[in-house]
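Structural overview for review
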Amino acid sequence: MELKFILESILFSAQKPLNAKELRDLLAAAAEHGDAAKPFKKTKEASITAALEELQKDHETAQRSYRLACVAGSWQFASQPEYAPWIIALVGLKARPSRLSQPALETLAIIAYRQPITRAEIEQVRGVAVDGVMQTLVERGLVEQVGRAEVVGRPMTYGTTGMFLEYFGLRALEDLPAADELRRIPVTKPESLLTADPDLATAPPEQLALTEVKSADAKPPAAPEAPPNSDEAK
């Protein structure tokens, strides 16, 4: 009995995606339900992942109506997109959240490739304020706070979530398209931050007080000379 077919039977019957650790625990628990399962009791996660990848290639070669997919580190069977009309007729169309706007996608891309990153750094790359967009991404569960930056004010840093991987159907962040050009954009960490709120790292210009600095020995500008008296000019 091959490991990949055992895993196939588990995933075929599972009601949710399963990761390598969960599958390893299932293999260990199965040893109590039959002698045939005992040889697989101590199967390592690396062996499970290798067997799943082999099984994934088998299904791709067979060109079935379904495929074995790994999303956010968990494995599941999924139907091929081209069979959507018939499946929708069977189970109905599941309501999905509205699509992300272009500003939200741009901001999300910056976070995905540069995480952990502060709001100020995101704004430096995009060139515009991102307060509203960040709120949307956090509410949608695509972005979360992951720590604080080691700079003055210690602003929050942000990164993507497991929901982000599921939303885009990614196995891991390493599966993101190459973005060497995006990574080459320089981001300079400021020595000090102008901020009205340490968690925001930046503040709207109208909230920042500008202080005019004058030199102690600066001389006031000379008064303009009065025009010559008309009587003297004659």
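Residues numbered from 1 in each chain as written. Predicted model: local features only at pLDDT ≥ 70, side-chain atom pairs only at ≥ 80, totals over all residues. Heavy atoms only, no water.

A few points about the packing of helix α2 (residues 20–30) against helix α3 (residues 45–62)
- Two elements in contact, α2 and α3, have axes whose closest approach is 9 Å; the angle formed by their N-to-C orientations is 105°. Relative to α3, the element α2 is oriented roughly perpendicular. Facing Ala 20, Lys 21, Leu 23, Arg 24 and Leu 27 of α2, the residues of α3 in contact are Glu 45, Ile 48, Thr 49 and Leu 52.
- Looking at side-chain class alone, the contact of α2 with α3 contains 5 nonpolar, 1 polar and 3 charged residues. (Axes fitted to C-alpha atoms, helices over the stretch in contact; angles between N-to-C directions. Helix = DSSP H or I, 4+ residues; strand = E, 2+ residues; numbered from the N terminus. Parallel < 35°, antiparallel > 145°, perpendicular 65-115°, else oblique. Contact = heavy atoms within 4.5 Å. Nonpolar A, V, L, I, M, F, W, Y, C, P; charged D, E, K, R; others polar.)

Some points on the confidence of the model for the protein
- Taken as a whole, the protein shows an average pLDDT of 80; of its residues, 74% reach a score of 70 or greater.
- Taken together, the stretch residues 192–218 has pLDDT below 50 and engages in 28 contacts with residues farther than four places along the chain or on a different chain.
- Scored below 50 in pLDDT, residues 230–234 shows 0 contacts in the model against residues more than four places distant or in partner chains. (pLDDT = per-residue confidence, 0-100.)

Describing the packing of aromatic side chains
- Within the structure shown, the criterion is met by 4 aromatic pairs.
- Aromatic pair Tyr 167 and Phe 168: ring centres 4.9 Å apart, planes at 65°, arrangement edge-to-face.
- Aromatic ring contacts, followed pair by pair, group Phe 164, Tyr 167 and Phe 168 into a single cluster. (Phe/Tyr/Trp six-rings, centres within 6.5 Å; stacked < 30°, edge-to-face > 60°.)

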